[in-house]
Every structure is written in structure tokens, then in C-alpha cells.
Number of protein chains: 2
Amino acid sequence: MMPQKGFVRTILVETPSLTDNTADAQRLEKCLLDELCTDKIRIPLQVLKNLPSNLRSWGFKARAVLFKDRHSWILVDLLNPISNKPVLGTAVDIGTTRITMSLIDLESGQEIGEAGFDNPQAVIGPDVLARIHYSSQNTGLDELNHLVIDAVNLNMSALCKEYGYQKENIYLVTGAGNTTMTHLFLGIESFEIIKEPYIPCVNIPDTQPAGSLGLDINENGVGFLFPNIGSYFGGDLISGILFSDLDQKEDPCIMVDVGTNAEIVVGNKDWLIACAGAAGPALEGGVSKMGMTAKPGVIDQVWIDPYTRDLMIHTIDGKKPVGICGSGMIDLAASLFLSKRIDIRGKFFKPACGERLLEKDGINHFILVDENHSGTGEPICLSQVDLNSLTSSKAAMYTILEVIVKNTAGLEFEDLHKFYVAGTFGSFINPVSAISIGMLPDLHLETFEVLGNSSLGGAKVLLKNPDAFERIMKIRQSITYIELNVNQEFMNMFSGAKFYPHTDESRFPSLQNMI
Amino acid sequence: MMPQKGFVRTILVETPSLTDNTADAQRLEKCLLDELCTDKIRIPLQVLKNLPSNLRSWGFKARAVLFKDRHSWILVDLLNPISNKPVLGTAVDIGTTRITMSLIDLESGQEIGEAGFDNPQAVIGPDVLARIHYSSQNTGLDELNHLVIDAVNLNMSALCKEYGYQKENIYLVTGAGNTTMTHLFLGIESFEIIKEPYIPCVNIPDTQPAGSLGLDINENGVGFLFPNIGSYFGGDLISGILFSDLDQKEDPCIMVDVGTNAEIVVGNKDWLIACAGAAGPALEGGVSKMGMTAKPGVIDQVWIDPYTRDLMIHTIDGKKPVGICGSGMIDLAASLFLSKRIDIRGKFFKPACGERLLEKDGINHFILVDENHSGTGEPICLSQVDLNSLTSSKAAMYTILEVIVKNTAGLEFEDLHKFYVAGTFGSFINPVSAISIGMLPDLHLETFEVLGNSSLGGAKVLLKNPDAFERIMKIRQSITYIELNVNQEFMNMFSGAKFYPHTDESRFPSLQNMI
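1. Regarding the overall build of chain A
(1) Moving on: Per the secondary structure count, chain A includes 16 helices and 22 strands.
(2) Moving on: Computed over its C-alpha atoms, the radius of gyration of chain A comes to 26 Å, within 12% of the 24 Å expected for a compact globule of 515 residues.
(3) Moving on: The C-alpha extent of chain A, read off along each of the three principal axes, is 95 × 50 × 50 Å.
(4) Moving on: Burial analysis of chain A (515 residues in total) assigns 50% to the buried set.

As C-alpha cells, this is what we get:
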């Protein structure tokens, strides 16, 4: 027989005889231990109840649905080997703002479909802080827990229906979220996360019966949430590292996940260094807060027409422009800088901007789209205030990268074999633009790789590959988490990075031909 | 601090700090692993939910209620260290006929009270066979399961009430029963137990959340049933061995448990040999089936007046005699034999019996109590048929002892350091009488020790001593279970043992002065 790899395996239990009167459960256990090359497996009471008649009517053959936690393997359910009942799993990225899930066929490993929806906890508060505060009042924790669980159940059920499955077909749920989202999903107290000394209730949640998590899937199903490293280093990032394979690389690589927070991990199979969360005042406002959310009419790309030197735009769905999103902002800043419309300090250069620059209330505004071409009837502008904010953000990003890669890991940017950009925001950034404004280091373009939703990606990996479990635990063990120390040295580096592309131009050789 | 030994321990969790941001659950885990000198513990989600606020309001001190199974230690609940909320456990002997339970204070190890009640499954059928048959029909298994669980709940609740406790004070339930009773208690299919090749569903049940067993105790409580070795070798016997300490003896000892079946274990710390269950036609009717159940007026002791040579009787509660129980029967047979009223073949000897012997329907009847002194208005008699049955039983018992001690273990009876008599029936047997009729071997009286309900005893030991767990698993591993082979050799031995005391009188030297 081919060696089996996933969480669903066909097994053949030894038949009993008068000379071997070992109980069914113990023979099943032995068979599973051999199959899994392990020394411990838990068999739930529910599976035992009809084990004798099932084994006999199935000729001692069965389809075993399995899972794991750090304590042992777990037999989730035992199915008729000749039934073609689908065995599915759901991977969930439990984002603060948005929840994304993917339905996976656990036997083929194939993805059936994906669904995304806004985290309904937003009705309580937009961010982690507001929700934690709310959770500490009266029934707040329960309410927040039910909001997310109910929404996940509803969407899982809809996803099943859409593709012709039953929710009873789902046996495993893997979820990755930041530490607070994970706590609220588990229904456990989270308020110490934001109180000094910032202690989560749990780092490594065990696999739980789906019922005890309120998950409406197969009655024997189980749920597992990715472990975290601390209050500011969540399971979503561990999941992202798993997805990026950073923990298996020979050469050092970096992963930057720009979601609600910017999170950065650098390392290889031997070591991992990470920083995450609030990076002090430098990142206030956040890299991802730039611009508006992507929707039809939003400008997502800006470039310079090589002949006319005019600024060209692309909008989502080709609709009339209504605003600009983060990736568009970075493109715009790069275009403005490369066309010398802004100077190395990040200030609008009037002679180059010409009549596109207007002063309103003493503040310069660059008109990207005039009111006649705008979808809102108002001109779409970038003010000096917006630009300053962008400058701060790009400088913060570069400085953090410099701190972690150079000061902490003792590497040069050139030593990075791969530069993974994860997160929704990251997916749309044009690396050339980001390099042009000095937000990302000047590496070969093929070094950059977009990962997309790496948190969801890691949760999917875990559904398909039992070995991922050990990797997750090893990632947790091997990560050195550094607090960004916003001291004088940081502020000096930050000041240099606020220039376009940087006070030290030699760091951006590829720009020499462009500027 | 004194080393703590039981399942309730006061612990002090390390307080968190800015330099150690490990999660509460992981610090609790570390503390428990250190306390228990182990490498694995499971902490239930329920305990995590309010862990942060509990630990902080308790100054990071707590009372931990713990338990185990073969996979790991289990944290059952975490309590306020200054509350004096009682923490109780219930040990249950799940007998086919009668269920006995004992309520234990898990901190002091003291027994609070005991309760006994008839197994309500008797309404379905009196024995294992009838119940297993019933369990395989429609909802039979569920019905049988509910009968026993409901009765246990009812009696636990009453026991709590009687002694001023709440059922929520109960955190642990340990139960020992034969293999079928164990299966029905767990609600798992049991019909393969009686079908060739006689395979139980489970040998080693894991510790289960009380709720999943239907046990109405503390919501975080757990239940554990003793493992069995096979269909005919149940957890009650393992529990009995634990209680007898047979597995820790230097010199070989024997334990005979006469319940619904006769079960015998001989061994020491290095080896254990057991036989149990049906011993073929020789034991049909069973040793314990002799006589009636003990109740007021039942003759439980018979002896010979040393002066008059008359037979003297004692009844339970001193009431007028209404019948005779098992121990009374053995006393009676011994008295009849020692006073030569029956001969070495076990036949009434008319000249010695005198007018006490009456022939009815061609069968001799020995009148122990005449109608004038009887509580029923009828004489209380022992017929030759009764006596033959007793003779068979005593011969079967002796033969089984001989087979296991001599033929199997290769010992002489004299090598036995202790002879434990367990079971309700055994508790009342007068060893002198049993020796006199050749039922038990002729050992020094101080060799015999009455254990009482050893199955309940072992379940109590487990509640008080976590080390018992490893012993239980080791007992399971080290037992050699032998099927009694009722062959020609057995029948020859049996024939000799049907004499009073035996064809080989030299085996009973102590009788030389008495006969």
C-alpha cells in the first residue's frame, strides 16, 4: 500500500481470534499507532460506542479521520471504508477586520471554495483594544465569542451549501488569528493581553471537541487554533511563517505581513527573529491605514507615462475614480518622486508640479484627478499632510526592516534570499514603487514574492499535512521575539529613512538610472 | 512545603512580569508539571476561560483538582485556595447484582459515607448474559446505560445530601465492575463479549468528562472505569488486586473473590496468575448461589455445642430463623461432617442424624429447625440434593485452587503467605468451617484475611493515591490469565475433592483432632 500522508487514512484492523482476545479498541489503537508511527493516540468515547458492530460490518477495514495536538494524535471519527462520504476541513483566518475561510477536501487536499466576510465583532469595536475592553464587562466576552462563532458557522454552512456539501462533512477546523482574536474565538478572558505586563491567557491552545467551541460541524469534529508567542505575536503570524516555509529555508529570508499591524520575521531553518505590533509613535496610523479600502473606482495603480511624463491611473473595475488605496498611494508617491514633483525631503516641488499643485488653508494639495474626471464630483488630491503621513509610514517600515535585518540579525539586506510580502495590503504593492520611495530595500525584483493571505495559507497547510504540527511547535520554540526599542538610535535611523529614498542614496543603486 | 500526594494540591504559579510574558496557562502548566514530576498534563478549556482573573484574584495561588489516565495527567478544576469548598470523589463497585459506592474527601482521604443498592438493570435481566442480549436490541443499550447511570446519580445525590454536601462537590468518580458492567456503564456495545472469540469493545477506557458519561457531578468532573483484561476478567478484579496489594508482595499470596463468579488470583510483585469466570459444569450453580441472601432471620452461623453435640444456630438480628445463607450452609455442612452426621462421601448418616433425618419423596432431609421454632411455620431443612450441590461447589472451589496454585503456579498451598477472601459472600465464611469440609486448603488461620468488597476497595485506593494508576496498568500487563481446562485430569481432581474433606485426608491435618 502507498504510504498515506494526510488526516484521512484507510486502515485495516487485525481481526480477533480465540488466541488474541484483545479488545477492539486496543486493536484499533495498535493499528493506528503503527500507521502513524507514533506512541500515543486518543480514541473518543463516541467512536467506541458502536466500534464492535462497525468493525465487523466493515470487515475490520475503516476510514480513519485523524488529527493531532501537542499531546498526542487524536482519532476524530471512524467511517465506513466503502462509503464515499466526503471528509472536509475548514481553514479560517480570524482577522480583526475580516475573516476568510477555505473549505478543503481532506482526502485529496483540494480546495473546494473560499468565503470572506467582515468580522462581526466590529459592531462592538473596530479594533482589538475596544473589543478587549468590552469583553471585560458583564457578558461582553460571551457576546464577542458568539458573534465570531455564529458568523463562522453561518458562513461554513453557506459555503457547504454552495458546493453541495453538508456541514456534517466537516471534521476539522483550523484557525489562525492574532492573540486577541484567538482568545475571543475560544471564549477565554483576554483583558490581560493589553494590561502590563501583557500576558495572554494561553499560548498553546489544545485541540478541542468542536462542540465545546460552539462549532457547528460533525458532532465528532474538532477545532484547533494556532498557538501564539505573546500578546503581540499571534497565531496568524505563526501560520504565516508555516505558509512561507521560512522555517525550512537554508538561506535567510524575510516575511513582512502588513495587516492591521506590520509584522516582520527574518530567519531560516536554524533561527527566526520576529518583531510585531505597535512600533511606537513612528507607526502610529499604521502602514495599512494609508488610503481607502479597495472597491470599484478606487485608484490602485499610478505610473508615469514614459512619453508625456504625465501621471497615469488605473481604477478597480475601470470605474470613474473615487479615491485611492494604499498600493495606489505608494505608486503615486513613487511617481511623484521619480518625476521630481516631490523632493528628497518629501515636499511638493512647485515648479515640477505646475498647476496641479493648489494651496488650500496654507497646505499644498496635489490634484491627481480633477473634479471633471472624478467619480465623486470632487477632485482627488494628495495633501502635504497625507504625504507626510505616508513618509512617516514608509520610513518606519524601512527602519524596522533595518533594525531587524541589520542591527538584530546582523545581516545585510542583500543576504536575504527571499522577501515575502504577505497580507491583503502587501498583495497589491508594486515592489518597484515601494523601493522607489525607500519603503522596501533595493533588492532584485525576483527576490520579492507575494504570499497573499499567509495566515489562511498556513491554516490550510495544517489541514493537509500532519507534519505541519511539529513545525508549528518548532517555529514557536525557535522564534526570538524582539520588542522594537524606539530609542535615540532608532529615531536617528528613522530620520534618515524619512528622506526619498533615504539620506544614504547609495542604498538604492537601482534608482540611479530612474531619477 | 510538605510533599503533597493526593489528587488535590495547593499550587503557587509563578507571577508574570515584563521579562517573562509566558501565558497564564503555560505558567500554570509548568507549575503543575513540576509539582507532579511529569511531562504531560491536559488543561481543559473550561478552566482556561476565567484563568487570568482567577489567578490574579487568588494571588497566583490555587487549589488544583487533578486526575490521570494512561495518556497524561489531567487538571480537572482549579479552585480558590482560601475557599473551603469540599472536594469529593466517589468510588463505585458496579456489581451485576448490587452496586456499592463510597464518598471520599479527596483532601483528607477520609471516607464520608457508603451506600449500596441493587443494580436496577436487574429489571432487564438477572445476569450479564440476559442484559447483553437485551442491549443488542433496538434501544436496549441506551436503556441499560441509563438505568445504571441514573441510579448512580440518584444515590450519589442522596449520599451527598445525607452528609451535607452538594453533588457539585464531587469531582472524580472511579468505578470498577466486570467487563460487561463496565461496557454498559460507558454505554458501549457489549454483545461481542459473549460471542466467540469473546472480544470486549475496550480493555482500557480513558478518563472521560463526567458529562459525557452522564454523571451528574461537578461540571468539570471526570470519571474513570478500571481496565479489564478480557471478557471474563474485569476491572473489578484488577481493582481487587490493587486493594489486596498482591502486586506488591514479596511472597506469593492468593486472593479468592466469590461474587457472581468465583475469581482467583495468585502471585506476588513479580508475577500474577488468574483464572475467573465459568469453570465448566463443575461450578454450575456457582459457589455463591448456595443458600439465600442475608437478611433478618437468616441463619448465618451454625456450630456444634461442645457438651451436648447439638447443632447451635445464630440468625441475623437474632430473629426467628427463616432460612439459611451461604456462610451458614458451610458452617452447617462442617458441623454435620465433624459430628459424623454426614459421611466422607457427603451422604447423611442415618444412625448419627437420628430423628432429625426425614425422608420425603425418597430424598433425605435433615431438619435443622423444626416448624415450631421456625419463623416461617415450615421446618428449615437441608436435603441430600442441597448437600450434593454444596459438595460440588466446595469440590469445585478446592479443585480450582489446586489447579491454579499447584498445577499452574507450581506452588504448594503452604507457600501462600496470605489467603485473601474477598467479596460479600467471602466476608462471612468461617475459614475453619470451609477447611473442615475441604473447601479451602488447611492453612494456618492467620493466613486467611477477609478483604470485604475488594472491588470497591480498589476504586477507593485510586481516589486517594495517584500512584495507583501505574500499579493498575502494571497489574494489567503482568497478569497471566488462564482458562480453566475442564479435562480428565481436572475431573479426577474434582472427584477426590468431592469427598469430605478429601480422598487424601493427609491434606487436612488440622482435622485429625476434630473428626
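2. What to know about the interface of chain A and chain B
(1) Moving on: Listed as interface residues are 39 residues of chain A and, on the opposing side, 39 residues of chain B.
(2) Moving on: Going through the elements one at a time, α1 (24–36), α2 (45–48) and α3 (51–57) of chain A are the ones with two or more residues in the side of chain A that touches chain B.
(3) Moving on: Broken down by class, the residue content of the side of chain A that touches chain B amounts to 17 nonpolar, 14 polar and eight charged.

3. Here's the deal with the relation of the copies chain A and chain B
(1) Moving on: Taken as rigid bodies, chain A and chain B are interconverted by a rotation of 179 degrees and an axial shift of 0.1 Å, the fit giving an RMSD of 0.2 Å. Within this description, the copies of the chain are treated as partners about a two-fold rotation axis. Scanning chain A for the C-alpha nearest the rotation axis identifies histidine 71 of chain A, at a separation of 4.3 Å.
(2) Moving on: In this assembly the copies share their binding face: 100% of the residues contributing to the interface of chain A also contribute to that of chain B.

4. Some thoughts on the domain arrangement of chain A
Where the parts come together, the accessible area they lose is often given as the size of the interface.
All names here are of chain A.
(1) Moving on: As far as domains go, chain A holds domain 1 (8–79), domain 2 (88–231), domain 3 (244–284 + 393–506) and domain 4 (290–389).
(2) Moving on: When each unit is reduced to the centre of its C-alpha atoms, the spacing between domain 2 and domain 3 is 26 Å.
(3) Moving on: Residue-level contacts link 20 residues of domain 2 with 15 residues of domain 3.
(4) Moving on: Looking at the side of domain 2 that touches domain 3, the elements that each hand over two or more residues are β5 (88–94), β6 (98–105) and β8 (170–177).
(5) Moving on: Counted by class, the side of domain 2 that touches domain 3 contains nine nonpolar, ten polar and one charged residues.

5. Overview of helix α1 (residues 24–36) of chain B
Residues spaced three or four apart along an α-helix point in a common direction, a consequence of the helix completing one turn every 3.6 residues.
Residues and elements named next belong to chain B.
(1) Moving on: Helix length check: α1 (13 residues) gives 18 Å between terminal C-alpha atoms against 18 Å at 1.5 Å per residue, within 8%.
(2) Moving on: All of the buried residues along α1 are Asp24, Ala25, Arg27, Leu28, Glu29, Leu32 and Leu36.
(3) Moving on: Those residues of α1 hidden inside the fold are in contact with β1 (8–12), β2 (41–42), α2 (45–49), α3 (51–57), β3 (61–68) and β4 (73–79).
(4) Moving on: At the C-terminal side of α1, cysteine 37 shows a positive phi close to 50 degrees.

6. Comments concerning unusual backbone geometry
(1) Moving on: The step from glutamate 196 of chain A to proline 197 of chain A runs through a cis peptide bond, and the omega angle for that step is 0 degrees.
(2) Moving on: As for its position among the elements, proline 197 of chain A is in the loop between α6 (179–186) and β9 (208–209).
(3) Moving on: The omega angle of the peptide bond from tyrosine 500 of chain A to proline 501 of chain A is -10 degrees, so this bond is cis rather than trans.
(4) Moving on: Inspection of the secondary structure assignment puts proline 501 of chain A in the segment after α16 (488–497).
(5) Moving on: In this structure, aspartate 245 of chain B takes a positive phi of about 65 degrees despite not being glycine.

7. Brief notes about the pairing of strand β11 (residues 253–258) of chain A
All names here are of chain A.
(1) Moving on: The buried fraction of β11 amounts to six of the six residues, a majority that puts the element mostly inside the structure.
(2) Moving on: Of the two faces of β11, the one carrying Cys253, Met255 and Asp257 and the one carrying Ile254, Val256 and Val258 are both buried.
(3) Moving on: Examined bridge by bridge, β11 and strand β12 (residues 262–267) share six bridges and lie antiparallel to one another. Following the sheet pairing, isoleucine 254 is matched in β12 by valine 266.
(4) Moving on: Bridging between β11 and strand β20 (residues 419–422) involves four bridges; their strand directions are parallel.

8. Quick look at the nonpolar core
(1) Moving on: Grouped together as the largest cluster of nonpolar side chains are 294 residues, with contacts concentrated most on Ile264 of chain A together with Ile264 of chain B.
(2) Moving on: Setting aside residues no more than four positions away along its own chain, isoleucine 264 of chain A makes contact with Ile254, Val256, Ala274, Cys275, Ile400, Leu401 and Ile404 of chain A.

9. Comments concerning the sheet that holds strand β14 (residues 298–304) of chain B
Residues and elements named next belong to chain B.
(1) Moving on: Spatially, β15-β14-β16 is the arrangement adopted by the three strands of the open sheet, whose pairing is mixed. Strand pairing shows two members of the sheet lacking a second neighbour, β15 (311–315) and β16 (323–324), which therefore form its edges.
(2) Moving on: Pairing of β14 with β15 involves five bridges; the strand directions are antiparallel. Of the residues in β15, the one forming a bridge with isoleucine 299 is threonine 315.
(3) Moving on: Each of β14, β15 and β16 touches helix α9 (residues 326–338); the most contacted strand, β14, lies at about 20 degrees to it.

10. Some details on the sheet that holds β3 of chain B
Residue and element names in this part refer to chain B.
(1) Moving on: Taken in spatial order, the four strands line up as β1-β3-β4-β2 in an open sheet, and their pairing is mixed. Strand pairing shows two members of the sheet lacking a second neighbour, β1 and β2, which therefore form its edges.
(2) Moving on: Pairing of β1 with β3 involves five bridges; the strand directions are antiparallel. Its bridge partner being in β3, valine 8 is matched across the sheet by valine 65.

11. Points about the pairing of strand β6 (residues 98–105) of chain B
Residue and element names in this part refer to chain B.
(1) Moving on: Burial runs high along β6: seven of the eight residues are buried.
(2) Moving on: Pairing of strand β5 (residues 88–94) with β6, which is carried by seven bridges, proceeds in the antiparallel orientation. By the bridge assignment for β6, isoleucine 94 is matched with isoleucine 99.
(3) Moving on: What sits between the antiparallel neighbours β5 and β6 is a turn of three residues.

12. Some points on the packing of helix α4 (residues 128–135) of chain A against helix α5 (residues 140–162) of chain A
All names here are of chain A.
(1) Moving on: Orientation of α4 relative to α5, taken along the N-to-C sense of each, is 130 degrees, at an axis distance of 7 Å. Of the possible angle classes, the one that applies to α4 and α5 is oblique. On α5, the residues touching Arg131, Tyr134 and Ser135 of α4 are Gly140, Leu141 and Leu144.
(2) Moving on: Grouping the constituent residues of the contact of α4 with α5 by class yields three nonpolar, two polar and one charged.

13. Re the confidence of the model for chain A
Residue and element names in this part refer to chain A.
(1) Moving on: When the pLDDT values of chain A are averaged, the result is 92; 95% of them are 70 or greater.
(2) Moving on: Of the regions scoring below 50 in pLDDT, residues 279–288 engages in 26 contacts with residues more than four places distant in sequence or in other chains.
(3) Moving on: Across the whole predicted complex the pTM is 0.90, and at the interface the ipTM reaches 0.90.

14. Some remarks on helix α5 (residues 140–162) of chain B
Residue and element names in this part refer to chain B.
(1) Moving on: In this model α5 runs 33 Å from its N-terminal to its C-terminal C-alpha over 23 residues, within 8% of the 33 Å that 1.5 Å per residue would give.
(2) Moving on: Along α5, the residues classified as buried are Leu141, Leu144, Asn145, Val148, Val152, Met156, Leu159 and Cys160.
(3) Moving on: Where α5 is buried, its residues contact β5, β6, β7 (111–118), α4 (128–135), β8 (170–177) and α6 (179–186).
(4) Moving on: Backbone geometry just after α5 places glycine 164 at a positive phi near 80 degrees.

Cut-off values and rules
One numbering rule holds for all chains: residues counted from 1, following each sequence as written. Here chains are named by letter from A upward and ligands by number from 1 upward, in the order in which they appear as written. In keeping with the predicted nature of the model, local features appear solely for residues at pLDDT of at least 70, side-chain atom pairs appear and are counted solely at 80 or more, and the whole-chain, interface and lining totals rest on all residues. Under the DSSP-based scheme used, a helix requires at least four consecutive residues in state H or I and a strand at least two consecutive residues in state E, with every element numbered from the N terminus. Throughout, radius of gyration means the C-alpha value; the globule benchmark is 2.2 Å times the number of residues raised to the power 0.38. The exposure scheme places C-beta atoms from the backbone and then counts, for each residue, the other C-beta atoms within 10 Å of its own, assigning buried at 20 or more, exposed at 12 or fewer, and partly exposed in between. Working definition of a contact: two residues with C-beta atoms, positioned from the backbone, lying within 7 Å. Gly counts as polar in this scheme, as do all residues outside two lists: the nonpolar Ala, Val, Leu, Ile, Met, Phe, Trp, Tyr, Cys and Pro, and the charged Asp, Glu, Lys and Arg. Copies overlap after least-squares fitting; the atoms used are the C-alpha atoms of residues with pLDDT of at least 70 in both. Delimitation of the domains relies on an automatic or database domain assignment. Expected span of a helix: the number of residues minus one, times 1.5 Å. Paired strands are those between which DSSP finds at least two bridges. Each nonpolar core consists of buried Ala, Val, Leu, Ile, Met, Phe, Trp, Tyr and Cys residues. Their C-beta atoms, within 7 Å, join them into a set. Interaxial angle, 0 to 180 degrees, is taken between N-to-C directions of lines fitted to C-alpha atoms, where a helix line uses only the stretch in contact. Angular relationships are summarised with four words: roughly parallel below 35 degrees, roughly antiparallel beyond 145, roughly perpendicular across 65 to 115, and oblique for the angles in between. A residue's pLDDT is the predictor's confidence in that residue, given on a scale from 0 to 100.

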